[in-house]
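# Chain and residue survey
Residues per chain are reported as follows:
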Amino acid sequence: MTATGNQRDISGEMAEPVGLSADEATRRLQTEGYNELTAPVRHPLLRVALEVFKEPMLLLLIAAGAIYLFLGETREALILLASVFVIIGITIVQERRTERAVEALRDLSSPRALVIRDGQEARIAGREVARGDLLVLLEGDRVAADAVVLRSANLSADESLLTGESAPVRKVAWAGASLEQSPPDVAPPGGDDQPFVYASTLVVQGRGLARVVATGQRTRVGAIGSALSAGEPQRTLLQREVNQLVRLLAIGAVIICAVIVLVYGIVYGHWIEGVLAGLTLAMGLIPEEFPVTLTVFLALGAWRIAQRQVLTRRMPAIEALGAATVLCVDKTGTLTLNQMRVAAVQADGEEWRREETSDAAPALSTTGQAVVRWAALASQEQPFDPMERAIRGLGAELGLSLGDGLTLLREYALSPELLMMTRVWRGGENGAYQVAAKGAPEVVARVCGLSERRQAAIASEIETMAAQGLRVLGVARASWPSGELPARQTDFPFEWVGLVGLADPVRPTVPAALAECAQAGVRVKMMTGDYPITAQAIARAIGLEPVDRYITGADLDRMSDADLAEAIKTTAIFARVVPEQKLRLVRALRADGEVVAMTGDGVNDAPALKAADIGVAMGGRGSDVAREAAALVVVDDDFTSIVRAIRSGRRIFDNLRKAMAYLFAIHVPIAGLALIPVLLGSPLILLPVHVVFLEFVIDPASSVAFEAEPEEDDVMRRPPRDRRERVFNLQAVMLSALQGLSGLAIVSGLYFWALRSGQGADQARALAFATLVLVNLGLIIANRSYTRSLLASFTIRNASLWWILGAALAALAVALYAPWLQSVFSFGALPWSLALLALGVGVLAIGWFEALERVTLWTFARRRRVRASETVGETTGETVGA
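Predicted model, so just to flag it, every value in this text is computed and none were measured. Residue indices follow the written sequence of each chain, beginning from 1 at its first position. Owing to the predicted nature of the model, reporting of local features is limited to residues with pLDDT of at least 70; listing and counting of side-chain atom pairs is limited to 80 or more, with chain, interface and lining totals taken over all residues. Calculation of side-chain values draws on the structure's entire complement of heavy atoms; hydrogens and water are dropped beforehand.

## Topic: the overall build of the chain
Secondary structure is summarised from DSSP: a helix means a run of H or I of at least four residues, a strand means a run of E of at least two, and numbering begins at the N terminus for each. Per the secondary structure count, the chain includes 29 helices and 22 strands. Relative accessibility thresholds used throughout: buried, under 20% of the residue-type maximum; exposed, over 50%; partly exposed, between the two (1.4 Å probe, protein chains only). The buried share among the 882 residues of the chain stands at 54%. Any two residues whose heavy atoms approach within 4.5 Å at even a single point are treated as in contact. In the chain, the share of contacts with a sequence separation of at least 24, taken over all contacts with a separation of at least 6, comes to 72%. Throughout, the Shrake-Rupley method with a 1.4 Å probe supplies accessible areas, and for residues the shown protein chains are the sole cover considered. Working note: accessible area of the chain is about 37,600 Å², and carbon and sulfur atoms make up 58% of it.

Right under this line is the structure:
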């Protein structure tokens, strides 16, 4: 087979490509390494351990241990210093688990490559491409490795990454190439008509088949030291908010602790005890758990969403998911199954329809067969597009001649300006070229130069087919004398052939997911290149409202920005839109204050995906460019997966707020119990070892137990949260402060009651500490849910929570009654009556915290209702009282 210039069609006369075997590919990867420019970073254990020593809490522990050694309190010193090694061990384990999770997500979200292995096409991670693999190159793909082109059809690539030249360059097949010959040496990039493609460059047009000749560091991009590392992760709004809070609290803690040390030393003359009191207070005040908890929530949130078939490429998307107000989705493959099949053929008044339940090849007349044949000739020989696969599949079923004896000369690609594509073949009758075209039926009819009456009749046929939910394509043919081809496809003398209607069933889960979006206050807008009537038929099938109005791409071009801003509020269907117009729609929605999630799969969708608050690329049919521009990648291309991700985003934010509120609340009694005895001159309640014990409960509770909590019952029955809403809003701060102050009052009250009732300082300390631990557990239980009752919360499964509660209670019992630990914790023997008193107070505290929570939430809900009423009154010119 030959082609224009040195180009070859992908399905040329070469032997059918087989590619490497799976075993051979594995062997080469093991001996030559994976196809990656930078290997996953694994920090040495020593470096991880040294990094831990930068943490303020660890430095405070070491300082306290050193003071105990100076005082001759060896056991206390050993306990504190041993806790340092425990913390280092926990940190190393967490670091390794994080690295493994990051590596797994990196493998999943890395650019995918379409290769031929054992004679079958397969999508694999780019890092798994081996030398000798056959790469199938499609428009929008990122080239996985340096390769020599064996087959080409209008193949062009953007090599600006390597050459700095922004214009795409043409690629041709290697002259004399065969699948068996050894490939030539790779020439430097740059210039047209090269038979080489290079790793990390972008296929911008056409298709090709190439054999990999270099991978990883041996590629051109590897040789110049380029790296595909993610770089510094961008800080999210939550991270900035938490970091600001941590800085403020840390500065305040340092100032207060310095004052305590000075007061204790100057007033009481006990400088060593003053330093210990200051260290204890610092350990209680410095909120090192806040950034750790946030990091764990975002990382585990990304992992949990990945289990729901959605990969997170940018962390801010996790925050934005819970605030999404508008979801803009493609129709094909997202709302539908993307399993096209030809359901209708129409030509010269003859119509054939396939029964929905029938898989048998149809009995078409010669005219109907001609429509299928010319539509197939206008399609790729090895199609990636589902519509083209369906057309060629039907042609094969009918036994039609689909290019046998023909040579592809040129392909005119579909463009936003002309929604049709044309392919020119040599080998027809009398030496003339055969020209096949398909595309938007109204465009094809116009190009054929049909009379207005004939175009009107075709438009009526299109409307009938589209009203049944069919994707309709117009088909045309032409003959061209051998010689030079025209520059534009519209210059061919096309003749109308007929219509092809393709059916794509709606995903069965979409109607329920759409109803869930409506309950959650998330408006769904369908954006499709289909005929408006087809889009309306799909909208009816899935329950998308309103279905009686739509905006087309042509309407968009005529609309001013002000008109569009008004129309987009009440329109859910956008038909015959091209990717470039999606960008304008996204901007209009965002200008109206919406938080927009936008799906896309093509190269031209990238600007809209970047402009959206949450760009969502399709992982199955999407291009690498779309995936790189997006914040999320839907692995299975399913609309339901997007809705599940929104649900997960809301759950993550809810649970993060609960965890942060709990952390804020529990630090109030810890700080207060460290401060009050200093101010009143009474024996110290908390010592550094006590704070260490509490931290071993607080850290896993905030970062593991709360993260594992299931979503609230109303998570998808309430409107999206305001994107500007802070984790520490007034409601959260008030609730945490009330709970924390209540806990402080309960514990300090019991402590001073025990002192006044004749208990020794050590016994009073043991009672106060036991009560504090139980109050802490009560805070965890009470803050699990803001919508479920306390009893209902106990029926919700959370294995992590119960393990933490059980371990804390067991450790408390050992600390209270093991003689050796009693002396370490400076506890006196605690009578069972006082232990039961602490337990009873802890149980009652749960109910009290729950009551505070309900009252606070009710108060703020009422406040919001009053404000909303006042706003309505101001809008209507009325005065609405509180």
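Now, onward.
## Quick look at the sheet that holds strand S12 (residues 407-412)
Note: strands within a sheet are paired through backbone hydrogen bonds, in either parallel or antiparallel orientation. If you walk across this open sheet you meet the seven strands as S11-S10-S16-S15-S14-S13-S12, and the pairing is antiparallel. With one partner strand each, in any of the chains shown, strand S11 (350-353) and S12 form the two edges of the open sheet. Averaged over all pairs of adjacent strands, the angle between strand axes in this sheet comes to 20 degrees, irrespective of strand direction. Strands are labelled as partners when DSSP assigns at least two bridges between them. By the bridge criterion, five bridges tie S12 to strand S13 (residues 420-426) in an arrangement that is antiparallel. With axes taken as lines fitted to C-alpha atoms, and helix axes fitted only over the stretch in contact, angles between N-to-C directions fall between 0 and 180 degrees.

## Re the pairing of strand S14 (residues 433-439)
For S14, a buried count of seven out of seven residues is recorded, marking the element as mostly surrounded by other parts of the structure. A two-sided burial pattern is seen for S14, the buried positions comprising Tyr 433, Val 435, Ala 437 and Gly 439 on one face and Gln 434, Ala 436 and Lys 438 on the other. In the sheet, S13 pairs with S14 via six bridges, with the strands oriented antiparallel. Bridge pairing in S14 links Arg 423 to Ala 436. Relative to strand S15 (residues 471-480), S14 runs antiparallel, the two being bridged by seven bridges. Each residue of the ladder has a partner; that of Lys 438, found in S15, is Val 475.

## Details of the pattern of salt bridges
The term salt bridge refers to a side-chain nitrogen of Lys or Arg lying within 4 Å of a carboxyl oxygen of Asp or Glu. Applying the stated criterion across every chain, the model contains 35 salt bridges. Close ionic contact of Glu 711 with Arg 647 constitutes a salt bridge, the shortest N to O distance being 2.9 Å. Residue Glu 711 is found in the loop between helix H23 (688-705) and helix H24 (730-756), and its partner Arg 647 is found in helix H22 (residues 639-680); the two are separated by 64 residues along the sequence. Under the relative-accessibility criterion, Glu 711 is labelled partly exposed at 22%. Take Arg 647: its relative accessible area is 21%, and that puts it in the partly exposed class.

## Some thoughts on the environment of Ala 376
Mapped onto the elements of the fold, Ala 376 is located in helix H11 (residues 366-377). With a relative accessible area of 0%, Ala 376 lands in the buried category. In this structure, Ala 376 is in contact with Ile 391, Arg 392 and Leu 402, ignoring residues within four places of it in sequence.

## Description of the packing of H24 against helix H25 (residues 761-782)
Two elements in contact, H24 and H25, have axes separated by 9 Å at closest approach and are oriented at 160 degrees. If you check the angle between H24 and H25, you find them roughly antiparallel. The hand of the H24/H25 crossing is right-handed. Two secondary-structure elements touch here, H24 through Gln 739, Gly 743, Ile 746, Val 747, Leu 750, Tyr 751, Trp 753, Ala 754 and Leu 755 and H25 through Ala 761, Ala 764, Arg 765, Leu 767, Ala 768, Thr 771, Leu 772, Val 775 and Leu 779. Under this scheme an angle from 65 to 115 degrees is roughly perpendicular, one under 35 degrees roughly parallel, and one over 145 degrees roughly antiparallel; angles in between are oblique. Note on convention: the crossing is left-handed when the near helix lies turned anticlockwise from the far helix by less than a right angle, right-handed when the turn is clockwise.

## What about the side chain of Thr 771?
Considering the arrangement of structural elements, one finds Thr 771 in helix H25. Beyond its immediate chain neighbours, meaning those up to four positions away, Thr 771 contacts Ile 746, Val 747, Leu 750, Ala 838 and Val 841.

## Focus on the confidence of the model for the chain
In low-pLDDT segments, the atomic positions of the prediction should not be examined closely. Every residue gets a pLDDT, meaning the predictor's confidence in that residue, from 0 to 100. The predicted model of the chain averages 80 in pLDDT, with 80% of residues at 70 or higher. Here residues 225-234 is modelled with pLDDT under 50, and outside its nearest four sequence neighbours on either side it reaches 10 contacts, counting other chains as well.

## Focus on the sheet that holds strand S18 (residues 551-552)
What the eight strands build is an open sheet, ordered S8-S22-S21-S20-S9-S17-S19-S18; its pairing is mixed. Each edge of the open sheet is held by one strand with a lone partner, namely strand S8 (310-312) and S18. Summarising the sheet, S18 and strand S19 (residues 573-575) pair through two bridges and their orientation is parallel. Of the residues in S19, the one forming a bridge with Ile 551 is Phe 574. Contacts between helix H16 (residues 532-542) and the sheet are confined to strand S17 (523-527), S18 and S19, with S19 contributing the most and set at about 150 degrees to the helix.

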